[in-house]
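Per-entry structural report
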Amino acid sequence: MVGQERMEAEKWLLHKFDAITVPCVPSELHTFYLAESRKNGENLYTDAFISYSRKVSSKMQEVRAFLHRHLVTTWIDQEDIPKGESYNDEVQKGIEQADTFVFLISPETIASEACQKELRYAFLLQKKVIPVMVKNTPDEELPKPIRDLQYIDWKMQKESLPIELLEDKDYLNQHKHILIQALKWEKLNHNNAILLRGHALDRALDWLEGAKDRKKNKPTKIQRDFILESDQKRNELDYEVFISYSRKDSRFVRQLNNDLEERGKTTWFDQENIPTGAKDFWEEIKKGIAASMNYLFVISPDSINSEYCVQEVEYAASLGKRIITINYEDADIEQFPKQLKSINWIDFSNVDNYISAFGQLIRELDTDRDYVSMHSYWDRKAREWEEATRNPALLLRGVIGREAWNWMVEASKAEKRPRVTKLQREFIQASHRESRKNRRLRFAAIGNVVFMVLAVIFAVYAFAQVVELEEEKELVLIEKEKAEQAEQRAEEARLRALQAKYTSDSLRLVAESHAMLAERQKEEADRQRAYALRKSQQADSLRLIAMQSAERATFNEQTAKGALKKAQQVTEEIQKYRQLSVAQNMMLRAPDMEDQHVRSSLARQAYVAYQLLGGKGSDSDAYRSLRSALKIQEVPLSENMAELKHPVQAMVLGKGEEVFVASEDERLYRLNENKETLLKDKNVTSLAYDPFQDKLFIATREGDIYTVKGNDKPERILSKFKESIISIAQENEQSLLLLSAEGILYRFDLAGREWSIIDIHAKGEKVTDLAVSPNGTWAYCTQEGTVEVISPDSTSQWVKVKHRLWNIALPPHANEVTFASVEGRMYQGMLGRKKMLIKPFSKGHLSMISDLRYSDSGEYLASAGYDRTVRIWKADEPKERAIEIDDFDNWIHQVAFSPDEERVFIGTNSGAVNVVEVRLDRLFYKLNEVSSDTLTEQEWEEYVGSEYSEMFRAGAVEGSQEKDPDEVNLQTGL
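Being a predicted model, the structure only gives us computed values, none of them experimental. (Residues numbered from 1 in each chain as written. Predicted model: local features only at pLDDT ≥ 70, side-chain atom pairs only at ≥ 80, totals over all residues. Heavy atoms only, no water.)

Here we take up the overall build of the protein. Secondary structure assignment for the protein yields 28 helices and 38 strands. Carbon together with sulfur atoms contributes 51% to the accessible area of the protein, which is approximately 52,100 Å² in total. (Helix = DSSP H or I, 4+ residues; strand = E, 2+ residues; numbered from the N terminus. Areas by Shrake-Rupley, 256 points an atom, 1.4 Å probe, with all protein chains shown as cover.)

Here it is as structure tokens:
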């Protein structure tokens, strides 16, 4: 449950009624569903981690159900550890992702080393620890870390637990979020992409400042280092990508976000960047979109129908953001928001194609990265100017203003994507106009200063001239008084003074001319400098364009080479497929040839060609053609190990290739080089062999159980059980599993020689078969169609089908289970998932299946039926046709693989125990020993065709030279 629907459901759950009687009470299923919905919506983070011993699981479930009723999310190991993940790693992760650590006090929990380890880790992370006493435990036995903490008595004080969890909730929640990101940062070797930025960093700094005086749950050292490193690099990083998605796709998007961060991409992901309890969720979203260089939309049917996702797309488009789409799940394109319909998406819908699609996404984010970064930067500056009512003080000036102008001009010319927005254009144009206005004012001010300086110079010069003239006048008067004779000299002096004045005026005019010339030269120099700067910027732009063109050309060349290589590969694959088809046709035709020479030659040469071409998927055809060729050559197809007088009832392989066989004449034999009778007059129904102890376990219809150690005599360990035993299996070294004729399962303790009924899921149903794998996992099937698989830790998976079931088998790795119906249909159940996935086999048997056996490696599966056939399957490919052994005249009762998986042992209704080769190369080797014929030219044309005859004939020559199969390197069927 997500979105508004989840919020309304949570409000419904927490509603408190004033009346004494409430209309109805939410069930545990209601509360569990709502708590899990909230946990999924919060990135699987929880309110409380519950630490407990498995021996008090019932109390844990009681506490957990009570917390769910108060909408408290919890983490427990039984349900929150994904299959296949490390138990210890997931437990630590659960503690890290919880606000509070709830420790259930009981003698069992105190004695558990795992619980003590969890408690120490919680204190190491400065988590809030709440002890809850669920079983009486002496105070002196409590662990030292919680001995001084006030615990909650579950019987008397359980109502106080939700209140205690809500105390200091905001601080603890932020403590959790910062801790998770700090640990990820440390794990990724201090990757800068994980650092906090923007509003998230401001909130973290406020949190760190407010935590200085706390005595409990203080910030850890890794949290402090993480926040301070983020603050130090505040201005170095921007968000590269905002991720928009539906909460229903959270699991995929969390993985995508982690992969992007590991590749050094800074992401804005709401589950990490929006604090829990944020007052204005939409405002935080808008800030995240505006701060990001790219907007990434995850396409799925849920996201395109989400009003929140559509609102985010529209806002990103209004800001002119570059929009990138990825296809997670196919959706109706007609329902796409209009902003997405014309954008090509990157296909992530195929899980096997994830790595290739992710690489394409990284290349898309890196394309034109500098341009997109500047687009985001100018957009942020323009919005700050717009929000300040276009205050001129926020306009760009100087070099940065010219840089913005050149960026806008080049973007418009090159038609860059995303386009320059209207707001960006108005902001940069206003900055440009302001810069030009300021330059004109500076030039005017400089002119006024120059004029004033010249005026002062002229005034000083004029004053000096006046003083000089006064001195000359006084000199003339003195000279006139002294003598008339000096008149001539005075006149000459006057003339010299006049000449000096004229010279001074000429120098002044020359100085003024030089000053004007210098001013003009300065202006010309300024123009030349501005021109040179423009040319330099143009050269930089052209160089950048040239580099991008070169990179694009290199990319196109690589793409073309890749396409050419791919085309060549496709052509080769088509040719290979056609050749394989011809080889397969030859194998299909060989058994129908009556002529010994033609059948043998076709079978040999088709098999060689099939193997040289790396063929797979048609091993059954190859096996059938080789066996038909051996048959027409009168080569025995099987080896008879023993010929008993009565039908084989049970069979198991022991040490080496020793075979234990029970027949209906109430005898048990050991077959090796000799035939030894181990038991007489005992109706043996089932056998189980322990290879580690070299011990055989024997069950009889009379209710007895015997064991045989090595070459010792049989020892009876259970006598006259109350019911007939029809199947026996070893669960582990301490116990056996027994199936009675009434369809009831029992566990037999080997040490105490005691038995007990096993409590199974299918109560009241009749169990028809059981199976055990070497790792301790066991399974059973019932006549009513139930299959249950129980792991060593007692957890189980079950499924019910609409068929009556008769047989079941488990491989050694126990990651699957195979079972069969009474009609002969076969099915495979895939384990390790929340729900068992059932796959039908391509073809079953025509009647009831008598036995199912896996090989020791688990790679192959053998099925034997009353339709007188044995089929050998590749266990991981149930849809592929099986190798079929169908040359028996009697029903097949038992089948088993040899340890090397090269042969199968088959027990029949006639009492015969036969050994049949199943390796293709060994059959081919036998055929080569008795036939070396090749087809004539005319036969090649008739059965192969001229187009392929040359290649197949070359293969036939090569194959005919092969020796023992252990010395050759051909791929074999098994």
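Turning next to the packing of aromatic side chains. For any pair of aromatic rings, the description rests on two quantities: the centre-to-centre distance and the angle between the ring planes. For the coordinates displayed, the defined rule picks out 26 aromatic pairs. The interplanar angle of 80° and the centroid separation of 5.4 Å between the aromatic rings of Tyr866 and Trp891 together place this pair among those described as edge-to-face. You can see Tyr866 sitting in the loop between strand 33 (860-865) and strand 34 (870-874) and its partner Trp891 sitting in the loop between strand 35 (883-885) and strand 36 (892-897), a full 25 residues away along the chain. Take Trp891: its relative accessible area is 41%, and that puts it in the partly exposed class. Ring pairing ties together the aromatic residues Phe252, Tyr328, Phe348, Tyr354 and Phe358, which thus form one cluster. Lying over the aromatic face of Tyr171, Arg214 brings its terminal NZ or CZ to 3.7 Å of the ring centre. A cation sits over an aromatic face here: Lys675 above Tyr669, 5.2 Å from the ring centre. (Phe/Tyr/Trp six-rings, centres within 6.5 Å; stacked < 30°, edge-to-face > 60°. Buried < 20%, exposed > 50% of the residue type's maximum accessible area, 1.4 Å probe, protein only. Lys NZ or Arg CZ within 6 Å of the ring centre and 35° of its normal.)

As a further point, take the pattern of salt bridges. Applying the stated criterion to the full structure yields 43 salt bridges. Taking the shortest distance from any N to any O, the salt bridge between Arg54 and Asp77 comes out at 3.4 Å. One end of the pair, Arg54, is in the loop between strand 1 (46-51) and helix 3 (57-69); the other, Asp77, is in helix 4 (residues 77-80), and 23 residues separate them in sequence. Residues Lys265 and Asp366 are paired through a salt bridge, measuring 2.5 Å at the closest nitrogen-oxygen approach. Of this pair, Lys265 sits in the loop between helix 14 (250-262) and strand 7 (267-268) while Asp366 is found in helix 19 (residues 354-366), placing the two residues 101 residues apart along the sequence. In this structure Lys265 comes out as buried when scored by relative accessible area, which is 7%. Judged by relative accessible area, Asp366 falls into the partly exposed class, the value being 37%. One network of salt bridges, with partners in common, ties together Arg38, Glu42, Asp47, Asp99, Lys169 and Lys176. (Salt bridge = Lys/Arg side-chain N within 4 Å of Asp/Glu carboxyl O.)

A word on helix 20 (residues 369-387). Given 3.6 residues to a turn, an α-helix orients residues that are three or four positions apart in the same direction. For helix 20, which comprises 19 residues, the first-to-last C-alpha distance of 27 Å matches the rise-based estimate of 27 Å (1.5 Å per residue) to within 8%. Among the residues of helix 20, Tyr371, Val372, Ser373, His375, Ser376, Trp378, Asp379, Ala382, Arg383 and Trp385 are the ones counted as buried. Positive backbone phi, approximately 50°, marks Thr389, located one or two places after helix 20. (Expected span 1.5 Å × (residues − 1).)

Relative to each other, helix 16 (residues 281-291) and helix 18 (residues 307-318) sit at 40°, their axes nearing to 10 Å. The orientation of helix 16 relative to helix 18 falls into the category oblique. Here helix 16 and helix 18 pass one another in a crossing that is right-handed. Between helix 16 and helix 18, the contacting residues are Trp282, Ile285, Lys286 and Ile289 on the first element and Gln311, Glu312, Tyr315 and Ala316 on the second. Across the contact of helix 16 with helix 18, the residue classes break down as five nonpolar, one polar and two charged. (Axes fitted to C-alpha atoms, helices over the stretch in contact; angles between N-to-C directions. Parallel < 35°, antiparallel > 145°, perpendicular 65-115°, else oblique. Left-handed = near helix turned anticlockwise from the far one by under 90°. Contact = heavy atoms within 4.5 Å. Nonpolar A, V, L, I, M, F, W, Y, C, P; charged D, E, K, R; others polar.)

Moving on, we get to the packing of helix 11 (residues 169-187) against helix 13 (residues 221-232). At their nearest, the axes of helix 11 and helix 13 sit 9 Å apart, and the two run at 80° to each other. With respect to each other, helix 11 and helix 13 are oriented roughly perpendicular. Between helix 11, through His175, Ile178, Leu179, Gln181, Ala182, Trp185 and Glu186, and helix 13, the contact on the second element is made entirely by Ile222, Gln223, Asp225, Phe226, Ile227 and Glu229. Its residues placed into classes, the contact of helix 11 with helix 13 shows seven nonpolar, three polar and three charged.

Our focus in this paragraph is the sheet that holds strand 21 (residues 735-740). Read from one edge of the open sheet, four strands run 20-21-22-23, paired in antiparallel fashion. Lying at the two open borders of the sheet, with one neighbouring strand each, are strand 20 (725-730) and strand 23 (754-757). Here the average twist between neighbouring strands, direction ignored, is 25°. Inspection of the sheet shows strand 22 (residues 745-749) paired to strand 23 by four bridges, in the antiparallel sense. Pairing of Tyr746 across the sheet is with Ile757, part of strand 23. (Pairing = 2+ DSSP bridges.)

So, on to helix 3. If you check helix 3, its first and last C-alpha atoms are 18 Å apart, about what 13 residues at 1.5 Å a residue would give, namely 18 Å. Taken as a whole, helix 3 has its buried residues at Ser57, Met60, Val63, Arg64, Ala65, Phe66, Leu67 and His68. Positive phi appears at Leu71, one or two residues downstream of helix 3, with a value of about 60°.

Take the pairing of strand 30 (residues 826-830) next. Strand 30 sits mainly inside the fold: five of its five residues count as buried. Side chains of strand 30 alternate between two faces, with Met826, Gln828 and Met830 and Tyr827 and Gly829 buried alike. Bridging between strand 29 (residues 816-821) and strand 30 involves five bridges; their strand directions are antiparallel. Directly across from Val817, in strand 30, lies its bridge partner Gly829. Between strand 29 and the antiparallel strand that follows it, strand 30, lie four residues; Gly824 among them carries a positive phi value of about 100°. The pairing of strand 30 with strand 31 (residues 837-840) spans four bridges and is antiparallel. The residue bridging Tyr827 from the neighbouring strand is Pro840, located in strand 31. Counting the residues in the hairpin turn of strand 30 and strand 31 gives six residues, including Gly832, whose phi is positive at 85°.

Turning our attention to the pairing of strand 12 (residues 648-653). Of all the six residues making up strand 12, six are buried; the element is thus mostly covered by neighbouring parts of the structure. Alignment of strand 12 against strand 13 (residues 659-663), held across five bridges, turns out to be antiparallel. Bridge assignment links Met651 to a residue of strand 13, and that residue is Val661. Where strand 12 folds back onto strand 13 in an antiparallel hairpin, the turn is made up of five residues, including Gly656, whose phi is positive at roughly 65°.

Here the focus is the confidence of the model for the protein. In the predicted model, the protein carries a mean pLDDT of 83, and 87% of its residues have values of at least 70. Across the protein, element-level confidence peaks in strand 25 (residues 778-782) with a mean pLDDT of 96 and bottoms out in helix 28 (residues 946-960) with 50. Here residues 966-974 is a poorly scored stretch, pLDDT under 50, and it has 24 contacts once near neighbours within four places are set aside; other chains count. (pLDDT = per-residue confidence, 0-100.)

What follows covers the sheet that holds strand 15 (residues 675-680). On the basis of which strands lie adjacent, the open sheet formed by four strands has the order 12-13-14-15 and antiparallel pairing. With one partner strand each, in any of the chains shown, strand 12 and strand 15 form the two edges of the open sheet. Looking at each pair of strands side by side, their axes are set apart by 20° on average, direction ignored. Note that strand 13 and strand 14 (residues 667-671) share five bridges and pair antiparallel.

When you line up the elements, Thr421 lands in the loop between helix 21 (398-414) and helix 22 (422-482). The residues touching Thr421, leaving out its near neighbours within four places in the chain, are Leu319, Gly320, His375 and Asp379.

Glancing now at a nonpolar patch on the surface. Nonpolar side chains collect at one region of the surface, where Ile744, Trp755 and Ile757 lie side by side and expose about 280 Å² of accessible area between them. Looking at where Ile744 falls in the secondary structure, it is placed in the loop between strand 21 and strand 22. Note on Ile744: relative accessible area 32%, which makes it partly exposed. (Patch = residues over 30% accessible without salt bridge, like charges linked within 9 Å, V, L, I, M, F, W, Y side chains within 5 Å.)

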